[in-house]
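# Structural features, examined
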Amino acid sequence: MEKKQFQAESKRLLELMINSIYSQKEVFLRELISNASDAIDKIYYKALTDDSLTFNQDDYYIKITTNEAERLLTVTDTGIGMTKEELESNLGTIARSGSLAFKNENEKKDGYDIIGQFGVGFYAAFMVADTVTVTSRALGSEEAFRWESEGADGYTIIPAEKAEIGTEIVLKIKDNTEEENYDAYLETHSLQSIIKKYSDFIRYPIKMDITKSKPKDDEADEYVDYVEEETVNSMVPIWRKNKNELTDEDYQNFYQEKHYGFDTPLKHIHTHVDGNISYHAILYIPETMPYDYYSKEYEKGLELYANGVLIMEKCADLLPDHFSFVKGMVDSDDLSLNISREMLQQDRQLNLIAKNINRKIKTALQNMLKNDRETYEKFYHTFGRQLKYGVYSDFGANKADLQDLLLFHSSTENKLVSLAEYVGRMKEDQKYIYYAAGESIERIEKLPQTELVADKGYEILYFTEDVDEFAIRMLMNYDEKEFKSVSSGDLGIDDEADKASAEKETKDNQALFDMMKEALTGKVKDVRISKRLKSHPVCLTADGDISIEMEKILNAMPNNEQIQADKILEINSEHAVFDSLKRALEEDKDKVMLYTNLLYNQALLIEGLPVEDPVAFTNDICKVMD
Ligand code: ADP
Ligand code: MG
């Protein structure tokens, strides 16, 4: 028996293949099963045009068996088989794909496609096997041949016996090493899960002999083992089924089966696009947040299938960050895969799909907001924060997409409202969309700064999450209406008379304010009269780009230098404390200092900022009580 050498290049390529192309050894099974499926497909295609051939679905299957004692794993198919010449050319030449040639000769039908194209997948078997033996009998042939190889050294081909048409591939599985547990490829259970993972939607049955146990006779305590042949793959991918035939339960089962989550998703999106690039997708909006969602550990992504075969478990490029909570899968026949079939050769196709998917999710959420408010709010409580991050990040590149998905608590409605709803009921003379930021709704409700705006009957949006104000500043305006913090200097509502009297009062009491400013050097930029206050004596506002809320948030982050808002202490001239201040200026300068410090610390407390020196503050209070 003559041992043939692989061609020189093939030899080097084979070494490379076996050691470096695939990131996981378990994909060898995906490759062998894909080949078996292609081999059956070829008969199916032939039968479409050849009247002497009938394709009886029940006759075609793939069978996986093991022999643990001998360390053998066998993959058998009832496909088209290989002649001696085909064994030689297809398995003896690396990077020669008989399947690609077949594909080019036969038109694609039924939307199904032959999987093979690179002519390397078969050799993945050598990642886990010392010896690979292929016994094959081609369709229309009486004789069979056996191809055998131990890897890079070469292969032999000899005549063999085989009763049925098809191919049988026997792998002599390697012994365990410290790094690798090869035994796994002999265990029914782990083989089953590898099949489920990569080859669940191969459209022919993949059968295995499963050992089960049943009660022996009537004696309930005693069990006996028996073996039953089972089909372990689902075969028909749910995404290729007609939407009308599928129930909510089917989608839920798929969600659980694929381990997208343990919850019951709030919504599923099933879509099929035929165009420049064709694909099927099933996407889910989960109900609950993964425990690691807002952490670095969380990995976004969708499962990516090429022609029903899983090629990537988490394809991150398919999902934008702002929809990173979405789970699901995409299947396309049009992807140009790289040789390991774990990556794509080009991004263009993926980008196209990602763009469509982004739009689909956006529309689905918008519809949910419109038609099923309750569910949307549930969703928003869980993932709304991510949408706001989305508005803020990438310099606002996605803000137009996301702004209509935002909700904020409203002062007048006392519930979550959208920006469109807010703008829709703005008062005629109202120039701005007003907001107030603080730790909680209760706290914002008590902010003195909201008084004037609320008094005017204007609605105020409450920002209670740290990202809110940052997102809104990125948004800048909605429907051409600018956002305005109730704490900002110019509220756009002060009437002229108010303004003039505030200026006059400030001027009349310049000596007092100068003294107060001096007492608060380094703490506030200015002290002035305020007309925004109604019942409260004082408040702190910020001039410039950084609001007081933002200062709090930024300072709470690690490695942030002390970022300071330019604070203004505003005094209500209608309040009794103003008279006390004026009196103190005439009587006792120390008292002005005392009152100033007290008012400043009060304002800090109302804002939720820490009092710098609590002991001095309480001592000051005692002094007033004297
Ligand atoms: P590819 O599947 O990308 O073509 P492979 O290395 O997996 O490359 O297989 C090489 C070729 O060997 C296939 O194209 C096919 O012609 C042939 N082949 C492999 N396995 C089988 C099989 N089970 N039945 C028939 N032909 C097979
Ligand atoms: Mg292949």
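Residues numbered from 1 in each chain as written. Chains lettered and ligands numbered in written order. Predicted model: local features only at pLDDT ≥ 70, side-chain atom pairs only at ≥ 80, totals over all residues. Heavy atoms only, no water.

Glancing now at the domain arrangement of the protein. In terms of domain boundaries, the protein breaks down into domain 1 (10–217), domain 2 (238–371) and domain 3 (494–626). For domain 1 and domain 3, the distance between their C-alpha centres works out to 80 Å. (Domains from an automatic or database assignment.)

Around ligand 1 sit 19 residues, and of these Asn35, Ser97, Gly98, Ser99 and Gly119 come closest. One nitrogen or oxygen atom from the side chain of Asn35 is found 2.8 Å from an oxygen atom belonging to ligand 1. Between ligand 1 and the protein, one listed contact pairs an oxygen atom with a backbone N or O atom of Val120 at 3.2 Å. Considered on its own, ligand 1 offers 540 Å² of accessible surface; in the complex 96% of this is hidden by protein. Those elements giving two or more residues to the shell around ligand 1 turn out to be helix H2 (27–49), helix H3 (84–92) and helix H4 (98–105). Per element, the largest residue contribution to the shell around ligand 1 is three residues, and it comes from H2. Classifying every residue of the shell around ligand 1 by side-chain character gives six nonpolar, ten polar and three charged. (Near = heavy atom within 4 Å. Polar contact = N/O pair within 3.5 Å; in protein donor to acceptor, adjacent residues only side chain to side chain. Areas by Shrake-Rupley, 256 points an atom, 1.4 Å probe, with all protein chains shown as cover. Helix = DSSP H or I, 4+ residues; strand = E, 2+ residues; numbered from the N terminus. Nonpolar A, V, L, I, M, F, W, Y, C, P; charged D, E, K, R; others polar.)

We now examine the sheet that holds strand E7 (residues 206–216). Taking strand neighbours across the sheet as the criterion, the eight strands line up as E5-E4-E3-E6-E2-E1-E7-E8 in an open arrangement whose pairing is mixed. For this open sheet the edge positions go to strand E5 (155–160) and strand E8 (219–231), each flanked by a neighbour on one side alone. Averaged over all pairs of adjacent strands, the angle between their axes in this sheet comes to 20 degrees, without regard to strand direction. Most of the contacts of H2 go to strand E1 (residues 62–67), to which it runs at about 140 degrees, and overall it touches E1, strand E2 (72–77), strand E6 (166–173) and E7. (Pairing = 2+ DSSP bridges. Axes fitted to C-alpha atoms, helices over the stretch in contact; angles between N-to-C directions. Contact = heavy atoms within 4.5 Å.)

Take a positive patch on the surface next. A cluster of like positive charges, contributed by Lys243, Lys355, Arg359 and Lys360, occupies part of the molecular surface. Tracing the backbone shows Lys355 in helix H7 (residues 347–371). Judged by relative accessible area, which is 59%, Lys355 ranks as exposed. (Patch = residues over 30% accessible without salt bridge, like charges linked within 9 Å, V, L, I, M, F, W, Y side chains within 5 Å. Salt bridge = Lys/Arg side-chain N within 4 Å of Asp/Glu carboxyl O. Lys, Arg positive; Asp, Glu negative; His and termini not counted. Charge placed at Lys NZ, Arg CZ, Asp CG, Glu CD. Buried < 20%, exposed > 50% of the residue type's maximum accessible area, 1.4 Å probe, protein only.)

Time to look at the pattern of salt bridges. Proximity of charged atoms lets side chains of opposite charge pair with each other. Taken as a whole and assessed by the stated rule, the structure comprises 42 salt bridges. A salt bridge links Arg203 to Asp41, with the nearest nitrogen and oxygen atoms 2.8 Å apart. Note that Arg203 is positioned in the loop between helix H5 (188–199) and E7 and Asp41 in helix H2, a separation of 162 residues in sequence. Each of Arg385, Lys388, Glu465, Asp466 and Asp468 takes part in salt bridges that share partners, so that together they form one network.

A few words now on the packing of aromatic side chains. Inspection of the entire model under this criterion finds 35 aromatic pairs. Ring centres of Phe122 and Tyr123 lie 5.3 Å apart, and the angle between their planes is 80 degrees; on these two criteria the pair is classed as edge-to-face. Here Phe122 and Tyr123 have matching classes, each one buried. Between Trp239 and Phe254, the ring centres sit 6.2 Å apart and the planes meet at 65 degrees, which makes this aromatic pair edge-to-face. (Phe/Tyr/Trp six-rings, centres within 6.5 Å; stacked < 30°, edge-to-face > 60°.)

Another aspect to go through is the packing of H7 against helix H8 (residues 373–392). Packing of H7 against H8 brings their axes to within 6 Å, and their N-to-C directions diverge by 125 degrees. On the basis of the axis angle, H7 is oblique to H8. Two secondary-structure elements touch here, H7 through Leu365, Met368, Leu369 and Asn371 and H8 through Arg373, Thr375, Tyr376 and Phe379. For the contact of H7 with H8, the residue count by class is five nonpolar, two polar and one charged. (Parallel < 35°, antiparallel > 145°, perpendicular 65-115°, else oblique.)

Looking now at the sheet that holds strand E13 (residues 327–332). Strands sit in the order E9-E10-E13-E11-E12 across an open sheet of five strands; the sheet is mixed. Edge positions in the sheet fall to strand E9 (267–273) and strand E12 (309–315), since each of these pairs with one other strand and no more. Sheet twist, expressed as the mean angle between neighbouring strand axes with direction ignored, is 15 degrees. Summarising the sheet, strand E11 (residues 302–306) and E13 pair through four bridges and their orientation is parallel. Residue pairing in the sheet places Ala306 in a bridge with Ser332 of E13. Sheet contacts for helix H6 (residues 248–257): E9, strand E10 (279–285) and E13; angle to E10, the most-contacted strand, approximately 85 degrees.

Glancing now at unusual backbone geometry. For Arg71, which is not glycine, the phi torsion reads 60 degrees and is therefore positive. Positive phi, normally seen in glycine, also occurs at Phe395, with a value near 50 degrees. Within the secondary structure, Phe395 sits in the loop between H8 and helix H9 (399–402). Judged by its relative accessible area of 79%, Phe395 is exposed.

With that out of the way, let us pick up a negative patch on the surface. Judged by side-chain charge, Glu15, Asp130, Glu148, Glu150 and Asp153 come together as a negatively charged surface patch. Within the fold, Glu150 resides in the loop between strand E4 (144–149) and E5. We classify Glu150 as exposed; its relative accessible area is 56%.

Turning our eyes to something else, we now look at the environment of Tyr434. For Tyr434, the location among the structural elements is in strand E16 (residues 433–437). C-alpha of Tyr434 to C-alpha of Ser530: the two residues are 96 residues apart in sequence and 18 Å apart in space. When near neighbours in sequence (up to four residues on either side) are disregarded, Tyr434 contacts Tyr422, Val453, Tyr458, Glu459, Ile460, Leu461, Lys484, Val486, Leu491, Gly492 and Ile493. From its side chain, Tyr434 meets the backbone oxygen of Leu491 in a polar contact 2.7 Å long.

It is the contact of helix H15 (residues 510–519) with helix H17 (residues 576–587), at a shortest axis distance of 10 Å, that shows an interaxial angle of 90 degrees. With respect to H17, the element H15 is oriented roughly perpendicular. Taken together, the residues of H17 that come into contact with H15 (itself represented by Ala511, Leu512, Phe513, Met515 and Met516) are Phe578, Leu581, Lys582 and Leu585. Per-class residue counts for the contact of H15 with H17 are eight nonpolar, no polar and one charged.

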